[in-house]
Amino acid sequence: MMRKSTFILALVLLLGATGIWINMKSAGLDREASVGLRHSKEAPLINYQAPAFELKSIDGTQTYRVGGKRDKPVFINFWASWCGPCKLEAPDLVKIYAKYQNQLDMYAVNVTSTDNRKDAQSFVDEYGLINPILMDLDGSVFAAYNGMAFPTNLLIDKSGTIRKLYIGLRPASQIEADIEELLKEK
C-alpha cells in the first residue's frame, strides 16, 4: 500500500512538472530567460523588446540609452563591486569589448543602490574597464530587468530585442560565440 501511494505521488509530481515545463517552453520561458516568470512585451525575456532606460556615465558627463532600434547590438552587464563573480568575469569582458567595440556597444551598469560610487570607481580602475560605465543609482533599471543576481548580462540586437540573457557567471567563450552568431545576422 505504501509503495503504491508513493508511486502515485511521484507520478503526479512528474506529470505536474512536465506540464509546467511544456507551458514555459511554449511561452518562450526557457531556462536562460525565466526571470520572475513574467510574460509581457516589456519583460526581460529572450525574443522580446528590452525595457528602455536612460542612465548617466560614472563621471556624469554622458547619457546612454537602451530601448528600440540602434546602430549596433548592445551587451549590458549589471554588476556590483562587491560581487565575486563580477570580479572573475571583468577581465574577460575587457577583452571582449576590446575585440568587438566597433561592432557592439557594451554598457557596464553598476547597480549603485547595492553598492557605492567610490567602490564602483575603484573596481573600474582595478580591472581597467574601458567600456561605458553607467550608474543605476536607485536600482530602478535593474528592477525593470527583474534583476535577481550579479552578474546579469544581456545581449540585445539592433532592433532592441533581447537575444541572450545570462544570470550568473558564463564562460567568455560562450558569450563570444553568441556575439559572433548575432553579428553574422543581417
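Residues numbered from 1 in each chain as written. Predicted model: local features only at pLDDT ≥ 70, side-chain atom pairs only at ≥ 80, totals over all residues. Heavy atoms only, no water.

## Concerning the overall build of the chain
So, step 1. Looking only at helices and strands, one finds five helices and seven strands in the chain.
So, step 2. Along the chain, helices and strands appear, N-terminal first, in the series α-β-β-β-α-β-α-β-α-β-β-α.
So, step 3. When contacts within the chain are restricted to residue pairs at least 6 apart in sequence, long-range pairs at least 24 apart make up 68% of them.
So, step 4. About 10300 Å² of surface is accessible on the chain, with carbon and sulfur atoms providing 57% of the total. (Helix = DSSP H or I, 4+ residues; strand = E, 2+ residues; numbered from the N terminus. Contact = heavy atoms within 4.5 Å. Areas by Shrake-Rupley, 256 points an atom, 1.4 Å probe, with all protein chains shown as cover.)

## Details of the state of the cysteines
So, step 1. Inspection of every chain in the model, using the stated rule, returns one disulfide.
So, step 2. For C83, the disulfide goes to C86, at an S-S distance of 2.4 Å. Between C83 and C86 the sulfur-sulfur dihedral comes to about 80 degrees; the bridge is accordingly right-handed.
So, step 3. With relative accessibility at 3%, the residue C83 sits in the buried group. (Disulfide = S-S within 2.5 Å. Buried < 20%, exposed > 50% of the residue type's maximum accessible area, 1.4 Å probe, protein only.)

## Description of the side chain of D105
So, step 1. Positionally, D105 belongs in strand β4 (residues 105-110).
So, step 2. Look at D105 and you get buried, because its relative accessible area is 17%.
So, step 3. For D105, the side chain forms a polar contact with the side chain of K72, separated by 3.4 Å.
So, step 4. Not counting residues within four places of it along the chain, the set of residues in contact with D105 comprises R70, K72, P73, V74 and F75. (Polar contact = N/O pair within 3.5 Å; in protein donor to acceptor, adjacent residues only side chain to side chain.)

## Examining empty space enclosed by the protein
So, step 1. Inspection of the entire model under this criterion finds one cavity of 30 Å³ or more.
So, step 2. Put simply, the largest cavity is a space of about 40 Å³.
So, step 3. Lining the largest cavity are N77, W79, C86, E89, A90, L93, F123 and L129.
So, step 4. Counting residues per element, the ones that place at least two in the lining of the largest cavity are β3 (74-79) and α2 (84-100).
So, step 5. If one sorts the elements of the lining of the largest cavity by residue count, α2 sits on top with four residues.
So, step 6. Split by residue class, the lining of the largest cavity holds six nonpolar, one polar and one charged. (1 Å grid on protein atoms, 1.4 Å probe; cavity = no way out; pocket = protein on both sides within 12 Å on 5 of 7 lines; lining within 4 Å. Points joined across faces, edges and corners; volume = space filled by probe spheres on them. Nonpolar A, V, L, I, M, F, W, Y, C, P; charged D, E, K, R; others polar.)

## Things to note about the nonpolar core
A general feature of soluble globular proteins is that nonpolar side chains tend to end up buried together.
So, step 1. In this structure, I76, F78, Y145 and I156 are the most contacted members of the largest nonpolar core, which totals 35 residues.
So, step 2. No other element matches β3, which puts four residues into this core.
So, step 3. Counting 13 residues, the second largest nonpolar core, distinct from the first, contains L93, Y100, Y166 and I179. (Core = buried A, V, L, I, M, F, W, Y, C linked by side-chain atoms within 4.5 Å.)

## Remarks on the packing of aromatic side chains
So, step 1. Taken as a whole and assessed by the stated rule, the structure comprises eight aromatic pairs.
So, step 2. Ring plane angle 80 degrees and centroid distance 6.0 Å describe the contact between F53 and Y145, whose orientation is recorded as edge-to-face. Of this pair, F53 sits in strand β1 (residues 53-56) while Y145 sits in the loop between α4 (140-144) and β6 (152-156); the two residues are 92 residues apart in sequence, bridging distant segments of the chain.
So, step 3. Judged by its relative accessible area of 3%, Y145 falls in the buried class.
So, step 4. Put simply, the rings of F53, F78, W82, F142, Y145 and F150 pair up and form one aromatic cluster. (Phe/Tyr/Trp six-rings, centres within 6.5 Å; stacked < 30°, edge-to-face > 60°.)

## Quick look at helix α5 (residues 172-184)
So, step 1. End to end, α5 covers 18 Å across 13 residues, agreeing with the expected 18 Å (1.5 Å per residue, within 8%).
So, step 2. Residues of α5 that are buried in the fold lie against β3, α2, β6 and β7 (162-167). (Expected span 1.5 Å × (residues − 1).)

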